[in-house]
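So the chains spell out like this:
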Amino acid sequence: MPDEITLSVYRGDKSGGQEVEYKVPIQTGMVVLDALHFIQAHDAPDLAVRWNCKAAHCGSCSAEINGSPKLLCKTRVDDYVGEVIHIRPMHSFPVIKDLVTDVSWNYEKLRQVPAFQPAIKAPFTLQQRDVDRIQEFRNCIECFLCQNICHVLRDHDAKDRYWGPRLMIRIAELEMHPLDTGDRLDLLKGAAGVGMCNITKCCTVVCPQGIDITDNGIIPLKERVADVYWDPLGGLVRKLHK
Amino acid sequence: MSEDIAYHEYDVLVIGAGGAGLRAAIEAAENGLKTAVLGKSLLGKAHTVMAEGGVAAALGNVDPQDGWETHFYDTCRSAHFINDYRMAEIHAKEAPDRVLELEYWGAVFDRTPEGKIMQRPFGAHSFRRLAHVGDRTGKEIIRTLEQKIMTLNVDVYQEITATKLFKDQERIAGCIAYYREDGRFAVFTAKAVVIATGGWGKAYKVTSNSWESTGDGAALAFRAGAELADMEMVQFHPTGMTWPPGARGILVTEGVRGEGGFLCNSEGERFMEKYDPVRKDLSSRDVVARGIYKEVKAGRGTPHGGAWLDITHKGAAFIKHKLPGMYEQLLSLADVDITKSRFEVAPTIHYTMGGLRVDPYTGATSVPGLFAAGECAAGLHGANRLGGNSLSDILVFGRRAGAGAMEYAKDTKMPKIDDTEVQAEVERVLAPLSRTEGENPYKLHEDLQEIMAAHAGIERNGQSLEEGLGRIQELRERTEHQMAKGSRQFNPGWHGVFDVQNMVLLGEAIIRGAIERKESRGAQWRTDFPDELENQGKVNYVQRLTDHGIELHPEPVPEMPEELARLFKLGMAPGLANSARKE
Ligand SMILES: Cc1cc2nc3c(=O)[nH]c(=O)nc-3n(C[C@H](O)[C@H](O)[C@H](O)COP(=O)(O)OP(=O)(O)OC[C@H]3O[C@@H](n4cnc5c(N)ncnc54)[C@H](O)[C@@H]3O)c2cc1C
Ligand code: SF4
Ligand code: SF4
Ligand code: FES
């Protein structure tokens, strides 16, 4: 293995920028975030990058590595031996500086989702098999990589018509909670725009948590919406038996 | 150039958006107070998100003999009895309600076959007590609190760093903070302030902690006159990753041992049987960490200087279900499949038991109007924290500090912040950007970590501690002359200046506490005083910052009343004694 690797890192802000090359000595098992920390300590102390846990738990360090949306702390440098590693900020959100983007839109939308409305007081009696699915969704680390890749948001910038896959699984986790009494189907069909998703599954592919966003989350939500709007009585019955 | 400063007023200002801070804010906001929360990261990404193994609460779902008495008993024993018994009592009694409240707010814990919240065994807990979600419990907790906060009228300020607290005469008046995004300043005037800024593990190099853990709030409050206690007590978690170098220190949850994993040295010996024949691999953290350390020193370490941890006998399906995060973490970072092979672990700095000295009921510090909760506060954990007791700590005492701040705020007028103090702080914070020469914060941070490892690590002695004190005082001098290249826009080099100042101040307090405590107890292991001494067990070392520097004095540990003290005279854990009596 060579003892050095070249990183080409986007440097810039709202007003624009370009990639700048840095050389970093390779250490065994190094992740891209380690390489960026090396650059900060030796070449560019003001290089902006978000991170927290360095263990793929917090979802802070999202970026695009050679064009693929990834977590910087989970991507090994030795996957790119012989190549230059290009690191750019997430494309679908406005750049604040370097690799840091403004993801506040996601939080605005999260705030607009009607909260959990339990039918009874805790302690709940719930079987593990009934919560496996929602636990899958609650494993989300809010890295917003899925939001970044979804073509509805990325290429068509339709943030006013579709809230994106992260928000879909947030809604799914509530809708599929056996004790929730809330109703978010109008929201899904309307402002949240579940109909805008055309099931390309790109979100599922990039999810670092391996959440089956499309098959387990979005498609069942689409079905619920279709049931209610085509068959109001059936939808009502289903809701009561939830 | 005059600064464009934003001014805000709140009844309750919470500094820190981890579990303790969010829970405090919920309490104040639900009761109608105008509340704000500040955090250095985005919402939901604070250090708490990393917690893995579980939250300790005597729900008795799997072991019905469990109850608050036994949780209290386990906590005090692990604390080596220098903790505040009242905090331990409140904590043990209230933790179950705090966990159930999370369930009501939407948290989805793993279930027992009867459909109750599942509980797993953990080191030095007498019963299976940790409610959990696989090995990602912290995320479930912080996400639930984040989602709850979003339903309330709380102003959440993200990616903002407080650098100084202000007082109006003797009472607290608020703080100043800069936005990380663009370096703008904001001044928050508040009737009451809650510090919930977490620990200072980043003062050490090999640590499981996130970058946020630089002890800002504890340092800010210390400078504002609040007292610190038990600073010498810094927890080494026995099982951090050893390899690859970039991953050194990243946590391997105690859940691996809780679910049946065991430790071996290079000779294949299950050495914990030697150090704690009863609890073995699930002994308390101080004992297991020292066990691994001693094996390595005796030449029985693994290739990267640790011990083997083996859970392969549990089978792939079980491991992937119970410890999915660990499976994934070791596979992706270290190329190890833990379902097929054992792996190396070594002690890593994990938790700071010491911190701001608080009232057990309200979290009040010695500064009127200033409250503290969570890892930045001292009192519950004494000389050694039990696994799972921090997530319960932040919920129980986060809520209580929120309530304490609320009560205080209700009966008081809005204080005033002196503008000349604001201007002086703005100048101080901006100064590193205009220096053309000065110290590099990255380098100072490395130097600090080297000093702490060399002089205040797992094994300590008086002479080395004294040397360390001299070195850290020199370092403190250098932190006043730091320089940051670049602009005010999201500039980590500039942010690091203040992190380092805070850590160096607390590092000195750690060393001073360790010098004063001339014995070995829990996390404090002194080779020149290898025994636990009765007279030392009666005091906490309390520190105060004065014009002449840090002053330290012993305070008596509050003495337990008979109705609690009797729980330790049964010859066994109270829950076991109860069931023995029934049989
Ligand atoms: C890897 C790992 C696993 C763990 N597992 C467990 C476990 O299984 N069970 C358990 O009980 N405990 C566990 N712990 C310990 C536990 O997670 C922490 O002790 C606890 O989460 C601390 O919570 P807190 O709210 O006090 O502080 P933190 O979560 O550290 O939050 C501090 C907050 O303060 C903010 N802040 C700091 N400085 C400033 C400033 N200057 N201005 C503004 N805001 C500021 C930060 O941004 C952050 O929002 C674990 C810890 C780690 C590292
Ligand atoms: S499946 Fe739907 S949500 Fe996912 S990327 Fe495609 S269009 Fe977007
Ligand atoms: S669903 Fe997956 S990709 Fe999307 S935010 Fe959550 S963890 Fe990230
Ligand atoms: S730093 Fe937390 S996910 Fe990468």
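Attention in this report is confined to the structure presented alongside it. Once a new chain begins, its residue numbering starts again from 1 and follows that chain's sequence as written. Whichever chain is written first becomes A and whichever ligand is written first becomes 1, with later ones labelled in order. Local features in a predicted model are, by the rule used here, given only for residues with pLDDT of at least 70; side-chain atom pairs are given and counted only at 80 or more, and totals for whole chains, interfaces and linings are based on all residues. Think of the side-chain values as coming from all heavy atoms in the structure, minus any hydrogens and water.

Some details on the overall build of chain B
Each helix is a run of H or I in the DSSP string that is no shorter than four residues. Each strand is a run of E no shorter than two, and both are numbered from the N terminus. On a plain count of helices and strands, chain B comes out with 17 helices and 18 strands. Radius of gyration: C-alpha atoms only; globule rule: 2.2 Å multiplied by the number of residues to the exponent 0.38. Scaling as 2.2 N^0.38, a compact globule of 583 residues should have a C-alpha radius of gyration of about 25 Å, and chain B matches this with 23 Å. In terms of principal-axis extent, the alpha carbons of chain B reach across some 70 × 50 × 50 Å. Each residue is assigned to one of three classes by its accessible area relative to the maximum for its type, calculated with a 1.4 Å probe on protein chains only: buried under 20%, partly exposed between the two thresholds, exposed over 50%. Per-residue burial for chain B yields a buried fraction of 67% across its 583 residues. With an accessible surface of roughly 19600 Å², chain B has 49% of that area assigned to carbon and sulfur atoms. Note on areas: these come from Shrake-Rupley sampling with a 1.4 Å probe, and a residue is covered only by the protein chains present in the view.

Section: the pairing of strand β4 (residues 68-71) of chain A
Residues and elements named next belong to chain A. Only one face of β4 is covered, namely the face carrying Pro69 and Leu71; the face carrying Ser68 and Lys70 is uncovered. A pair of strands is considered paired only if DSSP assigns at least 2 bridges between the two. Relative to β4, strand β3 (residues 62-65) runs antiparallel, the two being bridged by four bridges. Counterpart to Glu64 in the pairing with β4 is Pro69. Once β3 ends, the chain turns through two residues before running back antiparallel as β4, passing Asn66 with a positive phi of about 40 degrees.

A closer look at a nonpolar patch on the surface
All names here are of chain B. A cluster of nonpolar side chains, contributed by Leu570, Met572 and Leu576, occupies part of the molecular surface with about 220 Å² of accessible area. Looking at the element boundaries, Leu570 is found in the loop between α16 (562-565) and α17 (574-582). With relative accessibility at 32%, the residue Leu570 sits in the partly exposed group. The patch calculation keeps residues exceeding 30% relative accessible area without a salt bridge and links them within 9 Å when they carry like charges or within 5 Å when they are nonpolar (Val, Leu, Ile, Met, Phe, Trp, Tyr). Only one rule defines a salt bridge in this text: a Lys or Arg side-chain nitrogen within 4 Å of an Asp or Glu carboxyl oxygen.

Focus: the site of ligand 3
Proximity is defined per residue: if any heavy atom of the residue lies within 4 Å of a molecule or strand, that residue is considered near it. Every residue close to ligand 3 is listed here: Cys140(A), Ile141(A), Glu142(A), Cys143(A), Phe144(A), Cys146(A), Ile169(A), Cys207(A), Pro208(A), Gln209(A) and Ile213(A). Within the shell around ligand 3, the residues separate by chemical class into nine nonpolar, one polar and one charged. Ten residue types, Ala, Val, Leu, Ile, Met, Phe, Trp, Tyr, Cys and Pro, are classed as nonpolar, four, Asp, Glu, Lys and Arg, as charged, and the remainder, Gly among them, as polar.

Focus on the site of ligand 2
Around ligand 2 lies a shell of 13 residues, among which Cys150(A), Cys197(A), Thr200(A), Lys201(A) and Cys203(A) are the nearest. For the shell around ligand 2, the class distribution of residues is eight nonpolar, four polar and one charged.

Any link to function would need more than the numbers given here.
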